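Structural overview for review
Read off the chains here:
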Amino acid sequence: MAGYFESVAILVGINILQALGLFTVKSLGQISLGHAGFMAVGAYTASLLTLRAQWPLVPAVLAGGAVAGVAGALVGLPALRLEKLYLATMTLAFLLITEVFFSNFDYAGGLSGLSGMAGTRAPLVWAFVAAAALYFWLVGRARLGLAHDAVRQDEPVARAMGVDTTRLKLQAFATGAVLMGIAGGLLAHHLFYIEPGLFGFSAAVLPVIWVIFGGITTFWGPIAGAAVLTILPEVVQPLKDWYLFIYAASLVAVMIVRPQGLIVRRRGTSPSGGDGALRPAEAPGAAR
Amino acid sequence: MPAAAEAILQITGLTVRFGGVKAVDQVDLAVSPHTIHAVIGPNGAGKTTLFNAVTGFVAPTAARVWFAGREITRLPPETRTRRGLARTFQGVRLFREMTVLENVLLGQHARVPSGVAAAFGYGRGRDLRARGEAVAILESLGLTSLRDRVAGTLPLGVQRRIEIARAMASQPQLLLLDEPTAGMSAGEKMALCDQIRGLRERHFTVLLIEHDMRVVMGVSDRVTTLNFGRKIAEGAPEDVRNDPRVIEAYLGSEE
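Attention in this report is confined to the structure presented alongside it. For every chain, the first residue of its written sequence is number 1, and the numbers climb from 1 along that sequence. Chain letters start at A and ligand numbers start at 1, both assigned in the order the entries are written. Under the rules for a predicted model, residues below a pLDDT of 70 receive no local features and side-chain atom pairs below 80 are neither given nor counted, while totals for whole chains, interfaces and linings still include all residues. For side-chain calculations, the full set of non-hydrogen atoms in the structure is used, while hydrogens and water are omitted.

Let us now look at the overall build of chain A. Strands are runs of DSSP state E lasting at least two residues, helices are runs of H or I lasting at least four, and both sets are numbered from the N terminus onward. Regarding its fold elements, chain A presents 11 helices and 2 strands. Along chain A, helices and strands appear, N-terminal first, in the series α-α-α-α-β-α-α-α-α-β-α-α-α. Both definitions apply: the radius of gyration is a C-alpha atom measure, and the globule rule equals 2.2 Å times residues to the power 0.38. Its C-alpha atoms give chain A a radius of gyration of 20 Å, near enough to 19 Å, the size a compact globule of 288 residues would have. Taken across its 288 residues, chain A has 51% of its residues classed as buried. Long-range pairs, those at least 24 residues apart, make up 81% of the contacts in chain A between residues at least 6 apart in sequence. Areas reported here follow the Shrake-Rupley algorithm with a probe of radius 1.4 Å; residue values treat only the protein chains shown as occluding. Just so you have it, chain A exposes about 13,300 Å², and 68% of that area is on carbon and sulfur atoms. Burial classes: relative accessible area under 20% of the type maximum marks a residue as buried, over 50% as exposed, and values in between as partly exposed (1.4 Å probe, protein chains only). In this description, contact between two residues means that some pair of their heavy atoms is separated by no more than 4.5 Å.

Printed below as a string of structure tokens:
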């Protein structure tokens, strides 16, 4: 069993994986409230494989990621036609469906869930985090990362550049779901037990908070957001009842002081001459 | 009129209806390769709607559109770009938070490996060559010193040039420019006219929407005039300028 510090390290790593899993979608300007559903798919798949089929942990976790990735692509298909609030609603509906599904899935324990999974250690979790970070680092400095930013900033113009937004969105849902599935498998084998309620609404909202708190202009944002907001409660725990207050206050403070999030990617050089001040005249009353 | 088969862009019977309004009504248009073809007309004549229908931003009510010998009537915008169309937008739509160079790199998206494999190094040679070309395009439009500046902070005239650079970066067979000189000073307009003429020398084909008659007369090989969604005149610039229907359309709507 993992000691206290390793336990915190494991949770930080798992939460970073979740934040990155949501970031793939957020970096296209899309939103999802259903990502915890992919986590449930990964957690249950990996757990059934280790408990019932005696698979070793790592292949089981990878298989959980793969199955979640397929689920992500399937959810991504209808999501292609939806925007913002409609997409949030649809992904939330998917989350509720997974919860009901696993509650009635008797082979996987139904409402009482599964127990007996073990084996997640910090080095394993952080190996996955490192692999994911390497992936996002490579994408972020490539044309693919630029295309993501373009879709987020102005989707119609991105399409005029020849960016296949349909493919990018499907890819984003699938890769994000793989990361959520891996996070789920690792979490299941850390917690020793899982139940459907573990992957409910609050599990869906937390990664959204981490990503917004950390910022979406670079993958370092979600990493920082998940790390800070996972460690913070541990640090302020001695304050007992005040801990939620401090948690909430720091969220509000960051949103006021840095609405773009903790970490913002700086682009370009600042103006050296005076022409930076000559902003194009915008249509009267066009302030948005 | 050259034979239709030679046209790089061929539109027949284009009608676009918004509710009860016919923004474009039964328009035929043929653009010959390596020419500058201007579309003029008073406000609301349907020029931008015509552009949007050609680039796939608006679904036409009726039309057949051929580009480089293949029909593109129902293709989505990104596929048309891959086939060799590129456009600028009325009122400039750069990626404002990106640098000038990043905007131009995005213009190359369709013709350079840009997927996951490319992030892992696939097609690195082509990628580097394209980056060199992007720098060269900036150079040719006098934008080299601004390459690392954030696009949204630059003056409007400069932004329009960046938008043209971004459109050129896809190496299009047909470049559609929507009011490229709007809001520019006389000096900026003359400079841009030179650059548009330079495009023709470099074997681009240009379809141009323009309000300024001096610009139209200065750069165009052929001019099509629209009014209330219909084509009312077409021909060489000097013929169109003296066409009584064109004069009436302008005076009738602007007075």
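Next, the rest of the story.
Another aspect to go through is the pattern of salt bridges. We define a salt bridge as a side-chain nitrogen of Lys or Arg found within 4 Å of a carboxyl oxygen belonging to Asp or Glu. Tallied over the full model, the rule gives 23 salt bridges over all chains. R147 of chain B serves as the salt-bridge partner of D148 of chain B, at 3.8 Å between the closest nitrogen and oxygen. Through salt bridges that share partners, D149, R152, R265 and R267 of chain A together with E102 of chain B make up one connected network.

All names here are of chain B. Of all 5 residues making up strand β8 (residues 205–209), 5 are buried, and the element is well covered by its neighbours. Side chains T205, L207 and I209 of β8 all project onto a buried face; the interleaved residues V206 and L208 project onto the opposite face, where all are buried too. Both strand β3 (residues 36–40) and β8 contribute to a ladder of 4 bridges, which runs parallel. The partner of A38 across the bridge, within β8, is L208. Two strands form a pair only when DSSP identifies at least two bridges running between them. The pairing of strand β7 (residues 174–178) with β8 spans 5 bridges and is classified as parallel. Each bridged residue has a counterpart across the sheet, and for L176 the counterpart in β8 is L207.

This brings us to the interface of chain A and chain B. On the side of chain B, 41 residues touch chain A, which itself brings 35 residues to the contact. Across the chain A to chain B interface the summed buried area is about 3,400 Å²; carbon plus sulfur atoms make up 58%. On inspection of chain A and its partner chain B, the count reaches 5 salt bridges. With a shortest N-O distance of 2.9 Å, D154 of chain A and R93 of chain B are connected by a salt bridge. Going through the elements one at a time, α5 (122–140), α6 (143–153) and α7 (155–160) of chain A are the ones with two or more residues in the side of chain A that touches chain B. For the side of chain A that touches chain B, the element with the highest residue contribution is α6 of chain A, accounting for 7 residues. Classifying every residue of the side of chain A that touches chain B gives 17 nonpolar, 8 polar and 10 charged. Buried area is a sum: the accessible area each of two parts loses on coming together, probed at 1.4 Å, counted once for each and added. Polar here means any residue outside two lists: the nonpolar Ala, Val, Leu, Ile, Met, Phe, Trp, Tyr, Cys and Pro, and the charged Asp, Glu, Lys and Arg; Gly therefore counts as polar.

Moving on, we get to the side chain of E163 of chain B. As for its placement among the helices and strands, E163 of chain B is situated in helix α6 (residues 156–168). Residues in contact with E163 of chain B, not counting those within four places in the same chain, are T88, F89, V92, R93 and L94 of chain B.

All names here are of chain B. Read from one edge to the other, the open sheet built from 4 strands follows the order β2-β1-β4-β5, with strand pairing classed as antiparallel. Only two strands of the sheet have a single partner each, and these edge strands are β2 (21–31) and β5 (70–71). Examined bridge by bridge, strand β1 (residues 9–18) and β2 share 7 bridges and lie antiparallel to one another. Bridging from a neighbouring strand, L9 pairs with V31 of β2. Lines fitted to C-alpha atoms define the axes here, with helix axes fitted over just the stretch in contact, and angles between the N-to-C directions of these axes take values from 0 to 180 degrees. In this fold helix α1 (residues 47–55) packs onto β1 and β2, with an angle of close to 115° to the strand it touches most, β1.

Of all 9 residues in α1 of chain B, 8 are buried, a share of seventy percent or more. Inspection of α1 of chain B places K47, T49, L50, F51, N52, A53, V54 and T55 of chain B among the buried residues, and these make up the whole buried set.

Moving on to the sheet that holds strand β10 (residues 230–235) of chain B. Residues and elements named next belong to chain B. Ordered by their spatial adjacency, 6 strands build an open sheet running β6-β7-β8-β3-β9-β10, and the pairing between neighbours is mixed. The open sheet has two edge strands with one neighbour each: β6 (85–87) and β10. This sheet shows a mean twist of 20° between the axes of neighbouring strands, independent of strand direction. Of the pairings in the sheet, the one linking strand β9 (residues 222–227) to β10 comprises 5 bridges and is antiparallel in character. Bridge pairing in β10 links T225 to A233. Each of β3, β6, β7, β8 and β9 touches α1; the most contacted strand, β7, lies at about 150° to it.

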